[in-house]
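# Notes for the structure review
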Amino acid sequence: MKFTLGIALSPLDQLTELARAAEECGFDSIALPDSLFYSEQVSAAYPYTPDGSRFWHSHTPWPDPMVAAGAMGAVTSRIRFYTQVLKLDPRNPLLLARQIGTVAALTGDRFGLGVGLGWSPEESLWCGAPFRDRGARADEAIEVLRLILGGGMVEYEGKHFSFGKLQMSPAPREPVPVYIGGHSEPALRRAARTGDGWSSAMMRFDELRDTIGRLHRLRESFGRADTPFEIQAVCIDRHGLDGFQQQAEIGVTDAIVMPWRRLDAPIQEKRDALRRFADRFIEPLKSTVAT
């Protein structure tokens with residue numbers, strides 16, 4: 001079991017200190033959230049709350065995850081970063097490939113790309129992307145990203161994106177893993193078919209177990225059952241040593257946690273929470289695996 005620190009809604013002036021502390025405490029990764037802007041009114045319900053409402057407001061900080069990864073990567077040497085998850089549909093994949101290549105180079109290939117389609121029509125439409133065909137666009141965008149980030153002179157001809165021969169440098173020295181987010185059947189199929197892993201939003205244990213089982217069956221149907229595959233999970237009703245062990249038993253490879261109670265807690269309180277979490281869970285679980 002690996003542990004990722006979730007930093008959603010954290011004040012910007014705490015990010016680099018949280019990265020240092022998480023690395024010191026043995027966390028494997030930091031999950032970088034993404035939201036492009038807060039539209040006053042939205043034409044779709046937020047899919048991960050019971051009533052469809054957003055749990056943040058117009059002044060909630062949402063730093064660009066690429067910029068945040070670069071800043072936190074500059075003050076650390078081991079811990080990895082991945083977007084959880086980046087809204088793919090509103091973004092042009094060529095411009096995004098340029099950002100990813102730079103972040104990968106600056107962090108020493110410590111970056112993974114978690115992507116989702118996005119839930120807000122306004123985020124897509126106001127950035128110039130047609131929301132209605134976002135699934136097909138995402139499939140092509142992932143192909144474009146992997147092609148460009150693979151290095152060398154490449155070209156692409158698709159229904160939604162096309163370009164002549166081009167090369168972006170620097171290219172990552174190692175492949176950038178692509179994790180697919182989303183709970184819908186199309187999202188699970190996309191993860192099983194093309195992803196290096198799947199990333200969940202908040203889920204209860206029973207739902208998580210069923211979803212992982214579905215992913216395993218889908219991966220087998222696509223002939224990918226033996227390909228390495230990460231399961232990054234935010235499980236809201238299994239905690240403690242027993243809870244994390246139960247998550248591992250159903251296939252979770254990476255537990256995403258936020259060990260403090262108050263999002264606006266001062267940085268020292270959060271450092272203390274990270275150390276307590278490491279002492280109670282990270283170190284004992286690593287010792288169990290070692291023995």
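Predicted model, so just to flag it, every value in this text is computed and none were measured. (Residues numbered from 1 in each chain as written. Predicted model: local features only at pLDDT ≥ 70, side-chain atom pairs only at ≥ 80, totals over all residues. Heavy atoms only, no water.)

### Let's talk about the overall build of the protein chain
Inclusion rule: By definition, any uninterrupted DSSP run of H or I lasting at least four residues is a helix, any uninterrupted run of E lasting at least two residues is a strand, and each is numbered from the N terminus. Atoms considered for the radius of gyration are the C-alpha atoms alone. The globule rule reads 2.2 Å times the number of residues to the power 0.38. Any residue under 20% of the maximum accessible area for its type is buried, any over 50% is exposed, and the rest in between are partly exposed; the area is computed with a 1.4 Å probe on protein chains only. In this description, contact between two residues means that some pair of their heavy atoms is separated by no more than 4.5 Å. Working definition of accessibility: Shrake-Rupley area with a 1.4 Å probe, residue cover restricted to the visible protein chains.
When you go through the protein chain residue by residue, the secondary structure sums to nine helices and eleven strands. Here the C-alpha radius of gyration of the protein chain, 19 Å, is about what a compact globule of 291 residues would show, namely 19 Å. In terms of overall dimensions, the protein chain has C-alpha extents of about 55 × 45 × 45 Å along its principal axes. Expressed as a percentage of the 291 residues in the protein chain, the buried residues total 49%. Taking contacts inside the protein chain between residues at least 6 apart in sequence as the whole, the part at least 24 apart equals 71%. Total accessible area computed for the protein chain in this model is approximately 13,900 Å², and 51% of it derives from carbon and sulfur atoms.

### Structural notes on the nonpolar core
Heads up, the rule is: Take the buried Ala, Val, Leu, Ile, Met, Phe, Trp, Tyr and Cys residues and link them wherever side-chain atoms come within 4.5 Å; each set so joined is a nonpolar core.
Counting residues in each nonpolar core, the largest one holds 71 residues, and the members touching the most others are Phe27, Ile30 and Phe111. Contact partners of phenylalanine 111, with chain neighbours within four places excluded, come to Leu32, Met66, Ala69, Arg80, Phe81, Thr83, Ile100, Val103, Val176 and Pro177. Grouped together as the second largest cluster of nonpolar side chains are five residues, Ala31, Tyr82, Tyr179 and Ile256 included.

### Examining the environment of glutamine 246
The condition is simple: A 3.5 Å cut-off defines polar contacts: any pair of N or O atoms within that distance qualifies, except that in protein one atom must be a possible hydrogen donor and the other a possible acceptor, and neighbouring residues in sequence count only when both atoms are side-chain atoms.
Along the chain, the position of glutamine 246 falls in helix α8 (residues 240-249). Counting along the chain gives 103 residues from glutamine 246 to glutamate 143, while the straight-line C-alpha distance between them is 35 Å. Sequence-distant contacts of glutamine 246, that is, excluding residues within four places in its chain, are made with Phe205 and Arg238. A distance of 2.6 Å separates polar atoms of two side chains, one belonging to glutamine 246 and the other to arginine 238.

### Overview of the pairing of strand β6 (residues 154-157)
The cut-off we apply is this: Whether two strands pair depends on DSSP finding at least two bridges between them.
Only one face of β6 is buried, namely the one carrying Val154 and Tyr156, since none of Glu155 and Glu157 on the opposite face is buried. The pairing of β6 with strand β7 (residues 162-166) spans three bridges and is antiparallel. From the neighbouring strand, tyrosine 156 faces β7, where its bridge partner is phenylalanine 163. Count of turn residues in the β6/β7 antiparallel hairpin: four residues.

### Looking at the environment of arginine 91
Within the element layout of this structure, arginine 91 appears in the loop between β4 (86-87) and α3 (93-106). Look past the residues within four positions of arginine 91 in its chain and what remains in contact with it is Asp34, Leu36, Asp64, Leu86 and Leu96.

Function cannot be inferred from these measures alone, as they are strictly geometric.
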